[in-house]
Amino acid sequence: MALFLGARRWIARRGFERTYPVLMRDTACTEPLVAALAPESGERILYVRGAQAEPVLALARRFPGTAFVGLEADAERATLMRAEAAAAGLSNVKAFAYEAGGRMPFPPASFDKVAFVMALHSLRPEEKLRIARESLRVLRRRGSLLASDLDLARGAQEGALVKVASMVFGEERLRPHRDGTWPDILSEAGFARVKRLGSHSVLAGRVAVVRASRR
């Protein structure tokens, strides 16, 4: 039995490794969020993305009057993002590194908006709370946070991805996404008016877009 379960986990992980990057680049993970984010000229927006999610460069091209700051998972990715921005001639985007348990490298009230792009589900509960609190700290008064992430499934097919992701990242990290309670972390961090704007079926999962505000 143990051998059978081990084989099932191995097959599930291999399938996840192939499916996950495709999901992260699906427009349903980004476009509804971008529509809600509604970048405006003169705004400064912090863009926090999960591993393999769509980078900030595409947004910088679409909204040249908006200043974007991409927050990457490590210094190597931040360096790569800066090089790609320079090669593309994008002067309205910068990139910094951030460790999930640490402090964002920005002073308080630095941004008009924050975007979480598939950035929460791979984090431990304490890391989710930390990055949410840091986002609140760097937001200006009446600023808003928009987050897209894996959400409660509507049927067995949509639940498949989150189930396998639990094997890869750990049940503790995915539980709030399996039961749909992950927006509660924003309320716990101090955000106001936390609201689920909608959700969309993607591959074998479901992605929701949530808005929250700083008082």
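Residues numbered from 1 in each chain as written. Predicted model: local features only at pLDDT ≥ 70, side-chain atom pairs only at ≥ 80, totals over all residues. Heavy atoms only, no water.

A look at the pattern of salt bridges
Put simply, the rule reads: Salt bridges are defined as contacts in which a side-chain nitrogen from Lys or Arg sits within 4 Å of a carboxyl oxygen from Asp or Glu. Numbering of helices and strands starts at the N terminus; helices are DSSP runs of H or I of at least 4 residues and strands are runs of E of at least 2. Throughout this description, buried means an accessible area under 20% of the type-specific maximum (1.4 Å probe, protein chains only), exposed means over 50%, and partly exposed covers the range between.
For the coordinates displayed, the defined rule picks out 13 salt bridges. Between Arg140 and Asp112 there is a salt bridge; the shortest N-O distance is 3.0 Å. Of the two residues, Arg140 sits in strand β5 (residues 139–150) while Asp112 sits in strand β4 (residues 111–117), which places them 28 residues apart along the sequence. Look at Arg140 and you get partly exposed, because its relative accessible area is 32%. Members of the salt-bridge network, linked through shared partners, are Arg103, Glu134 and Arg137.

Quick notes on the confidence of the model for the chain
Inclusion rule: For every residue, the predictor reports its confidence as pLDDT, a number between 0 and 100. In what follows, residue pairs with any heavy atoms lying within 4.5 Å of each other are defined as contacts.
Residue-level pLDDT values for the chain average 89, and 93% of them are 70 or greater. When pLDDT is averaged over each helix and strand of the chain, the minimum, 64, is found for helix α1 (residues 2–24) and the maximum, 98, for helix α8 (residues 184–189). In this model, residues 1–5 is a region of pLDDT below 50 whose contacts with residues beyond four sequence positions or in other chains number 0 contacts.

Brief notes about the packing of aromatic side chains
Rule in force here: Stacked, edge-to-face and tilted labels apply to pairs of Phe, Tyr and Trp rings (six-membered ring for Trp) whose centres lie within 6.5 Å, assigned for plane angles under 30 degrees, over 60, and everything in between, in that order.
Scanning all chains against the criterion turns up 3 aromatic pairs. Aromatic side chains Phe96 and Phe106 sit 5.2 Å apart centroid to centroid with 85° between the ring planes, which places their arrangement in the edge-to-face category. Of the two residues, Phe96 sits in strand β3 (residues 93–97) while Phe106 sits in the loop between β3 and β4, which places them 10 residues apart along the sequence. Since its relative accessible area comes to 6%, Phe106 is described here as buried. With centroids separated by 5.1 Å and ring planes inclined at 85°, the aromatic side chains of Phe106 and Phe111 adopt a geometry described as edge-to-face. Through pairs of rings, three or more aromatic residues link up here, namely Phe96, Phe106 and Phe111.

What to know about helix α5 (residues 125–138)
Formally: The span expected for a helix works out to 1.5 Å for each residue beyond the first.
With 14 residues, α5 extends 20 Å from end C-alpha to end C-alpha; this agrees with the ideal 20 Å at 1.5 Å per step. Burial analysis of α5 places 10 of its 14 residues in the buried class, which makes it a mostly covered element. Residues of α5 that are buried include every one of Glu127, Lys128, Leu129, Ile131, Ala132, Glu134, Ser135, Leu136, Arg137 and Val138, and no others. For α5, the elements touching its buried residues are β1 (44–49), β4, β5, α7 (171–178) and α8.

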